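Architecture at a glance
Here is how the chains run, residue by residue.
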Protein chains: 2
Amino acid sequence: MLISELETPAVIVDLNVMERNLSRMAEYCRQHQLLLRPHTKSHKIPELAKRQIASGATGITVAKLGEAEVMLNAGITDILIAYPIVGEEKTTHLAKLAEQASISVALDSEEAARGINSAATRQGARIGVLIEMNVGFGRCGLGNENDLLTLAQTITTLPGLEFRGLMFFPGHFGVGPEQRATLRMQVNGFLERSLEIFERAGLPLSIVSGGSTPTAYESGLFHGVNEVRPGMYIFNDRNTVAIDAASLEDCALSVVVTVVSTAVSGRAIVDGGSKTFSYDRYQAGDGRGYGLVKEDTAVEVERFSEEHGHLNVERSERRYRVGDRLSIIPNHVCTTVNMHDEIYGVRGDQVETVWRVEARGKVR
Amino acid sequence: MLISELETPAVIVDLNVMERNLSRMAEYCRQHQLLLRPHTKSHKIPELAKRQIASGATGITVAKLGEAEVMLNAGITDILIAYPIVGEEKTTHLAKLAEQASISVALDSEEAARGINSAATRQGARIGVLIEMNVGFGRCGLGNENDLLTLAQTITTLPGLEFRGLMFFPGHFGVGPEQRATLRMQVNGFLERSLEIFERAGLPLSIVSGGSTPTAYESGLFHGVNEVRPGMYIFNDRNTVAIDAASLEDCALSVVVTVVSTAVSGRAIVDGGSKTFSYDRYQAGDGRGYGLVKEDTAVEVERFSEEHGHLNVERSERRYRVGDRLSIIPNHVCTTVNMHDEIYGVRGDQVETVWRVEARGKVR
C-alpha cells in the first residue's frame, strides 16, 4: 500500500529515520557505558519496545501499570515503572506483575513505599525501588540528600522492597546551552552530595537513572549517572528540535492530513485537530504553532478544534485546494501517538507495517 | 460499587445533573420550536445519544464517519455529519451509510459536493447537504450570501445530493454579554440577507442549523434558525461555566484522581495529566489552570505532564497527603472523554453504570 492511499488523518513513521534514531542512541550509551532503558510511553507498542531491546536496551521504562502489563505480556521482563504506584488495587496488581518479571518503581514518599511493601509482602513478591530526586523540575522527587537517605533507610527495612538506587527527571532542561550548563552544575552538586552521603552510610546505589530525550546526549556529563531513560528519541518532534535535542531530519513521525476547506481567505482547514494531535504547546520561541507542515514551512498550524486543524496560509505561495494532502510533525509525539489505535511504519512512499498502539487508553 | 472504590484516574458523570441538563435543553427547544440535534462528539456513547433522542432530540450530530457508523449500528437513523467528507474512501463509506439511514453532511465547497455526489450516484444513495456559513469564527464556511446561493444551485443539479439548508458554528461567542449582542447582530444580518436571497431564487431552506452549547440558550434570538446542535451541555465544563453558558452546579462530569506525591513544597501531584484530560486551555480571564478541583477551589491545576497533574496548593489551607482523592472538572469535556475507553455514571456516592466510549479513536 502507498502512503497516498492511507485514509487521513494517519500517523506515519519513517522507518529509516526511526532505525537511525535507535542506533544512534544505543551507540552513545555503549560509548559512555550507560544502561539504556527507553521510556516506551512515547510509542506504547510492544514491537517497538522489542526493537529497542534488540538494539541494546537493558530493559524498558513505562509510566503506568497497564503499560507494564502489555509489555510484560509481550515478553519483556525488565521493566521500570517510573511512577509512584499508590492505592491498594494498584499495588496489588503491581505485586502480581512482579511475580512474573523484574519490576522496579520510582517513588518519593514513605506512604507509597509502605503501600507497595504491604502488597508485595502479601503476594510474596519483591519489588525494586528507585527513589526520585527533584533536580529542579519541581514535579515529583525529594530535594535534598538527607531526605533521600532517610527514605532509603526506611525502604531497606521493608521486606517486600529492594532498594536499587536513585532516579531523576530533568524536565526543566528545555533551555539554551548556557543555561543548561548552569543547570547541569546544580544537578551535579546534588548528585555528588547524594552519592557521598549514601557511600558514607554504606548503602550502595546500583542504579542512578537520569536523562530523558532532552538531556540524553549529555548524559555522560552527569555525575554518577549509569542509566538513561529517553523516550521521544525514537520519533522526535517539533519540541525536541526546538531544544536542539534533534534536527528536523531526525523527526520520524508525522501525521498525514487532508485539506477539507479553503472557504475562509488565508486559511486551509485540515482533518486533524486536538483529537488527532492532542493540544501540547510549542515549548520554544514565541510558543506559537501546533505542528510543522513538512511540505510548506510558510504555513502556521495556528489552532486546533477537535477535528479541524486551522492552517494560516497567508504567507504561503502555494494555493491550497480541498483534497490536498499534507504531513505535519506534531509538537509532542507522545501525546499524539496516544490518540491513535494504530500507526503506520513507512519506507519511501510504501506503507510497510501497521502497529497497534496496544498500551494506550489504560485505566491503571 | 462506591465512587471511592474506583481506580483512578476515573471519569465520573453525576446522573442527576446530567438528566437535569438534558431536560432543560429539551424544554428550551420545545418552547422555542427549535429542532434539537445534539452533537454526540462530547460523549461518543450510543446509550447517551439514545437518551438525548428519548428526551426530545430529532436526531444527532457527529463529527466523523466513524462516529456516524457507531451510532447507526446502535439504531440511530437520523444523523448529521457536521464535517466536509473529502476523499474517495470516505465518500464511498458515507454513501454506504446513507443507504441505511437519513444522513446529511455539512460542506462549503464544490469539490466536496462533487466528491460526495459521485460516491452517492455510484451507490444509488441520496445524501442531504447543509452548506456551512462562516458567521465570524473563521474556520469553515462561506462568508457571503451570493457564494452560498451559487453553491446551493450547483448542489441542486447533482442527483446524489439533496440540498437541505444552511448551518453555522458560532465558535467565537465565548465573550461577554455586550460583545455577544454585537456579534449576534452581525450574524443576524448575514442570516437575513441569506434567507432573502434564497427566497428570491425560489430555493427553500428546510433547515437553518445554528447554536452549539455556548449560544444554545439564545438560539431563539437568531434570525430564521430552526435547529440547534449543542454538545457539551450534557456534561458542561470549566470553559462552559467561564462563558456563562452554565453554572458550576451544572457540571456533571469530573475526573477522580489520587495524590501520588507531595514531596515538592507547595505542590501536590495527582495521577491524571494530559493523557487523562487532554491539554485544552482555559478560555477566559488570564487563561490559567487546566481544571477546577471541586473539593478545594484554592488549588490551581497549574500544568500537566502526560500522567501527572501539577497542583499548586500554596494558597490552600488543607494539608495534602499521598493517597488523597480529589475530583477535577476539566477545561473541556469533549477532549477529556475522548481520552478514555470507559466512563462511569454515578448517583450520590454509588457507581450506577459503566459506559464504553464506543465512538472514540475512529480513524475515519
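Worth saying up front: this structure is predicted, and the values here are computed from it rather than measured.

Here's the deal with the overall build of chain A
On a plain count of helices and strands, chain A comes out with 11 helices and 17 strands. What you see for chain A is a C-alpha radius of gyration of 22 Å, in line with the 21 Å of a compact globule of 364 residues. The principal-axis extent of the C-alpha atoms belonging to chain A is close to 70 × 45 × 35 Å. For chain A, long-range pairs separated by at least 24 residues make up 66% of all intrachain contacts whose partners lie at least 6 apart in sequence.

Quick look at the nonpolar core
One finds Ile-81 and Leu-94 of chain A together with Ile-81 of chain B to be the most contacted residues of the largest nonpolar core, which totals 216 residues. In this view, Leu-94 of chain A contacts Leu-65, Ile-85, Ile-103, Val-105, Ile-116, Ala-119 and Ile-127 of chain A; residues no more than four positions away in its chain are not counted.

Describing the environment of Ser-23 of chain A
Tracing the backbone through its elements, the reader meets Ser-23 of chain A in helix H1 (residues 15-31). In this structure, the C-alpha to C-alpha distance between Ser-23 of chain A and Pro-170 of chain A, residues 147 residues apart in sequence, is 23 Å.

Details of the interface of chain B and chain A
Contacts between the two partners involve 48 residues from chain B, matched on the other side by 48 residues from chain A. With 3 residues, the single largest contributor to the side of chain B that touches chain A is strand E10 (residues 253-261) of chain B.

Some remarks on the sheet that holds strand E5 (residues 102-107) of chain A
Residues and elements named next belong to chain A. The strand order across the open sheet built from 8 strands is E2-E9-E8-E7-E6-E5-E4-E3, with neighbouring strands paired in parallel fashion. Each having just a single partner strand, strand E2 (35-36) and strand E3 (60-62) make up the two edges of the open sheet. Both strand E4 (residues 78-81) and E5 contribute to a ladder of 4 bridges, which runs parallel. Across the sheet, Ile-79 pairs through a bridge with Ile-103, a residue of E5.

With respect to the relation of the copies chain B and chain A
Expressed as a screw transformation, the operator carrying chain B onto chain A has a rotation angle of 180 degrees and an axial translation of 0.0 Å, and the superposed copies differ by an RMSD of 0.0 Å. As the rotation angle and translation indicate, the two copies are arranged about a two-fold axis. In terms of C-alpha distance to the rotation axis, chain B has Tyr-279 of chain B as its closest residue, with the C-alpha 2.6 Å off the axis. When the interface residues of chain B are mapped onto chain A, 100% of them again fall at the interface, so both copies present the same face.

Things to note about the sheet that holds strand E5 (residues 102-107) of chain B
All names here are of chain B. Strand order in the open sheet formed by 8 strands is E2-E9-E8-E7-E6-E5-E4-E3, with parallel pairing between adjacent strands. Taken across any chain shown, the strands that pair with only one partner, and hence form the sheet edges, are strand E2 (35-36) and strand E3 (60-62). Relative to strand E7 (residues 161-168), strand E6 (residues 127-133) runs parallel, the two sharing 7 bridges. When the sheet's bridge partners are listed, Gly-128 is paired in E7 with Glu-162. Along the sheet, helix H3 (residues 65-73) contacts E3, strand E4 (78-81) and E5; its crossing angle with E4, the most-contacted strand, is approximately 170 degrees.

Some words on helix H3 (residues 65-73) of chain A
Given 3.6 residues per helical turn, the α-helix brings residues three or four places apart onto the same face. Residues and elements named next belong to chain A. The buried fraction of H3 amounts to 7 of the 9 residues, a majority that puts the element mostly inside the structure. The complete set of buried residues in H3 reads Leu-65, Glu-67, Ala-68, Glu-69, Val-70, Met-71 and Leu-72. For H3, the secondary structure elements touched by its buried residues are helix H2 (46-54), E3, E4, helix H4 (88-98) and E5. Just downstream of H3 lies Gly-75, where phi reads positive at about 100 degrees.

A short note on the confidence of the model for chain A
Across chain A, the average pLDDT comes to 96, with 100% of residues at or above 70. On the interface metric, ipTM, the complex scores 0.96, and its pTM is 0.97.

A word on the packing of helix H6 (residues 145-156) of chain B against helix H7 (residues 177-200) of chain B
Residues and elements named next belong to chain B. Between H6 and H7, whose axes approach to 9 Å, the crossing angle comes to 40 degrees. One finds that H6 runs oblique with respect to H7. For the pair H6 and H7, the crossing hand works out as right-handed. The segment H6 lies against H7, with Glu-145, Leu-148 and Leu-149 engaging Arg-193, Ser-194, Ile-197 and Phe-198. Split into classes, the residues belonging to the contact of H6 with H7 amount to 4 nonpolar, 1 polar and 2 charged.

With respect to helix H2 (residues 46-54) of chain B
Residues and elements named next belong to chain B. The set of residues buried in H2 consists of Pro-46, Leu-48, Ala-49 and Gln-52. Down the axis of H2, the buried set is contained in an arc of 165 degrees. They therefore lie on one face. Tucked inside the fold, the buried residues of H2 contact helix H1 (15-31), E3, H3 and strand E17 (350-356). Downstream of H2 by one or two residues, Gly-56 has phi in the positive range, about 125 degrees.

Conventions used here
- Residues numbered from 1 in each chain as written.
- Chains lettered and ligands numbered in written order.
- Predicted model: local features only at pLDDT ≥ 70, side-chain atom pairs only at ≥ 80, totals over all residues.
- Helix = DSSP H or I, 4+ residues; strand = E, 2+ residues; numbered from the N terminus.
- Rg over C-alpha atoms; globule rule 2.2 N^0.38 Å.
- Contact = placed C-beta atoms within 7 Å.
- Core = buried A, V, L, I, M, F, W, Y, C linked by C-beta atoms within 7 Å.
- Buried ≥ 20, exposed ≤ 12 C-beta atoms within 10 Å, placed from the backbone.
- Pairing = 2+ DSSP bridges.
- Least-squares fit on C-alpha atoms with pLDDT ≥ 70 in both.
- Axes fitted to C-alpha atoms, helices over the stretch in contact; angles between N-to-C directions.
- pLDDT = per-residue confidence, 0-100.
- Parallel < 35°, antiparallel > 145°, perpendicular 65-115°, else oblique.
- Left-handed = near helix turned anticlockwise from the far one by under 90°.
- Nonpolar A, V, L, I, M, F, W, Y, C, P; charged D, E, K, R; others polar.
- Arc of directions from axis to C-beta.

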